[in-house]
Amino acid sequence: MIQKLIEKIRKTNAPIVVGLDPMLAYVPEHIQKKSFAEFGETPEGAADAIWQFNKEIIDKTYDLIPAVKPQVAMYEQFGIEGMKAFQKTVDYCHEKDLVVIGDIKRGDIGSTSAAYAVGHLGKVQIGSHSFHTFNEDFVTVNPYLGTDGVKPFADVCREEKKGLFILVKTSNPSSGEFQDRMIDGKPLYEHVAQKVAAWGEELMGEEYSYIGAVVGATYPEIGKVLRKVMPKTYILVPGYGAQGGKGKDLTHYFNKDGLGAIVNSSRGIIAAYKQEAYAKFGAENFADASRQAVLDMIEDIRSAL
């Protein structure tokens, strides 16, 4: 799957991923009203509104981008109905030939980690039959529990030819409380990066490993260091746009081949119509605003690179 991601990045010349993280507040009133009229002001109504919102954005942007990243918590908050919307979103993105990065940030050990991996990346065995369920192409993984937490995911990735993005240095302001702690003369995030590179050596594609890393755009100097520590690791870069990251901050995340990183923007794209720069589109044309925001992001990153 890493090879498909690279091929789609080359084809679109757009090393970006759209984060499908739909808070209900992002969904325009006309969509909410239609869904609530059919299903009521219920979790089912909210989930339908989110699904309709996602679908329009996907329809307007899929030809420009290689990948999407739905954040599972935005769907889980609406219970079973929300998870149905998550499944619909994943399936529809696959219909549009997009690579799907499930932002699940799971991290556990043994059979629990294996169950997460099977549910999101692999096939579950039921009697004499096996089934893909959520069926994302990549997922995000928290490495806090060490190799015991990562290996079950890597095993499923090896079998299914899918991939991981492991949290190394996250974009949130308090990430340094643990990630920046000095251990044996190096910050913890650098130790994690070394392990990610080592895990990745055991699961290589043609050019890059199936095991990638998450490194926030809000720490460009750290990104420069980690790019050298993980030369064959694809880096998923959150923190662009709404969190303050700009194209000029991202040059060091890429390798000299122009590959090696994919940059995420979530509310900066899906809620673009709420921004002054795209207000002219209005809520009725929210997906056109999202398309323009994608085009602007592509141009910003291309110019920087």
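Per chain, the residues get numbers from 1 upward, laid out in the order the sequence is written. In view of the model being predicted, local features appear only for residues whose pLDDT reaches at least 70, and side-chain atom pairs are presented and counted only at 80 or more, with totals across whole chains, interfaces and linings using the full set of residues. No hydrogens and no water enter the side-chain calculation; it runs on all heavy atoms of the structure.

Here the focus is the overall build of the protein. Of regular secondary structure, the protein possesses 12 helices and 12 strands. Against the 2.2 N^0.38 benchmark of 19 Å for 305 residues, the protein shows a C-alpha radius of gyration of 19 Å, consistent with a compact globule. C-alpha atoms of the protein, sized along the principal axes, occupy 60 × 55 × 40 Å. Contact between two residues is taken to exist if any of their heavy atoms lie within 4.5 Å; hydrogens are not considered. Partitioning the intrachain contacts of the protein with sequence separation of at least 6 by distance along the chain shows that 73% fall at a separation of at least 24. None of His or the chain ends enter the tally, which takes Lys and Arg as positive and Asp and Glu as negative. By convention, the charge on Lys lies at NZ, on Arg at CZ, on Asp at CG and on Glu at CD. Of the side chains in the protein, 35 bear a positive and 40 a negative charge, and the two mean positions are spaced by 4 Å. Numbering of helices and strands runs from the N terminus, with a helix taken as a DSSP run of H or I at least four residues long and a strand as a DSSP run of E at least two residues long. As defined in this context, the radius of gyration uses C-alpha atoms, and a globule is described by 2.2 Å times the residue total to the power 0.38.

Even without glycine at this site, Asp97 takes up a positive phi of about 65 degrees. Within the fold, Asp97 resides in the loop between helix H5 (79–95) and strand E3 (99–106).

Next up on the list: a nonpolar patch on the surface. Taken together, the side chains of Ile109, Tyr144 and Leu145 present a nonpolar region at the surface, about 340 Å² in accessible area. Positionally, Leu145 belongs in the loop between strand E6 (138–141) and helix H7 (147–160). Only residues above 30% relative accessible area that lack a salt bridge enter a patch, with like-charged residues linked at up to 9 Å and the nonpolar side chains Val, Leu, Ile, Met, Phe, Trp and Tyr linked at up to 5 Å. Each accessible area value is a Shrake-Rupley result obtained with a 1.4 Å probe; residue values ignore everything except the protein chains displayed when judging cover. Each reported salt bridge corresponds to a side-chain nitrogen of Lys or Arg within 4 Å of a carboxyl oxygen of Asp or Glu.

On to the state of the cysteines. Working definition: a disulfide is two cysteine sulfur atoms within 2.5 Å of each other. Evaluation of the coordinates by the stated rule reveals 0 disulfides. No disulfide involves Cys93; its sulfur sits 19 Å from the nearest other cysteine sulfur, which is in Cys157.

A few words now on the sheet that holds E6. Sheet architecture is closed into a barrel: 8 strands sit in the order E1-E2-E3-E6-E7-E10-E11-E12, paired in parallel fashion. Within the sheet, the average angular offset between the axes of one strand and its neighbour, ignoring direction, is 30 degrees. The convention used is that axes are lines fitted to C-alpha atoms, helices contributing only their stretch in contact, and that angles between N-to-C directions extend from 0 to 180 degrees. Strand contacts of helix H10 (residues 220–229): strand E7 (163–169), strand E10 (211–215), strand E11 (235–237) and strand E12 (261–265), with the helix running at about 130 degrees to E7, the strand carrying the most contacts. Strands pair, by our definition, only if DSSP identifies at least two bridges between them.

The subject of this paragraph is the packing of aromatic side chains. What describes a pair of aromatic rings is the distance from one ring centre to the other and the angle between the planes of the rings. Aromatic pairing here means that ring centres of Phe, Tyr or Trp (its six-membered ring) are within 6.5 Å. Orientation follows from the plane angle: under 30 degrees is stacked, over 60 is edge-to-face, and everything else is tilted. On inspection of all chains with the given rule, the structure shows 7 aromatic pairs. Between Tyr75 and Phe86, the aromatic rings sit 5.3 Å apart at their centres with planes inclined by 70 degrees, giving edge-to-face as the arrangement. Of this pair, Tyr75 sits in helix H4 (residues 73–76) while Phe86 sits in helix H5, placing them 11 residues apart in sequence. Each member of the pair Tyr75 and Phe86 is classed as buried. On the basis of an interplanar angle of 65 degrees and a centroid distance of 6.3 Å, the ring pair of Tyr273 and Phe286 is categorised as edge-to-face. A residue pair is termed long-range when its members are at least 10 positions apart, and Tyr273 in the loop between helix H11 (267–270) and helix H12 (286–304) and Phe286 in helix H12 qualify at 13 residues. Phe286 gets classed as buried once you look at its relative accessible area, which sits at 0%. Aromatic rings pair up to connect Phe53, Tyr273 and Phe286 into one cluster. Only when the NZ of Lys or the CZ of Arg is both within 6 Å of the ring centre and within 35 degrees of the ring normal is a charge said to sit over the ring. Geometry around Tyr62 places Lys96 over its ring, the cationic atom sitting 4.5 Å from the centre. Above the face of the Tyr208 ring, Lys232 is positioned so that its terminal group lies 5.9 Å from the ring centre. A 1.4 Å probe rolled over the protein chains alone gives each residue an accessible area, and that area as a share of the maximum for its type sets the label: buried under 20%, exposed over 50%, partly exposed in between.

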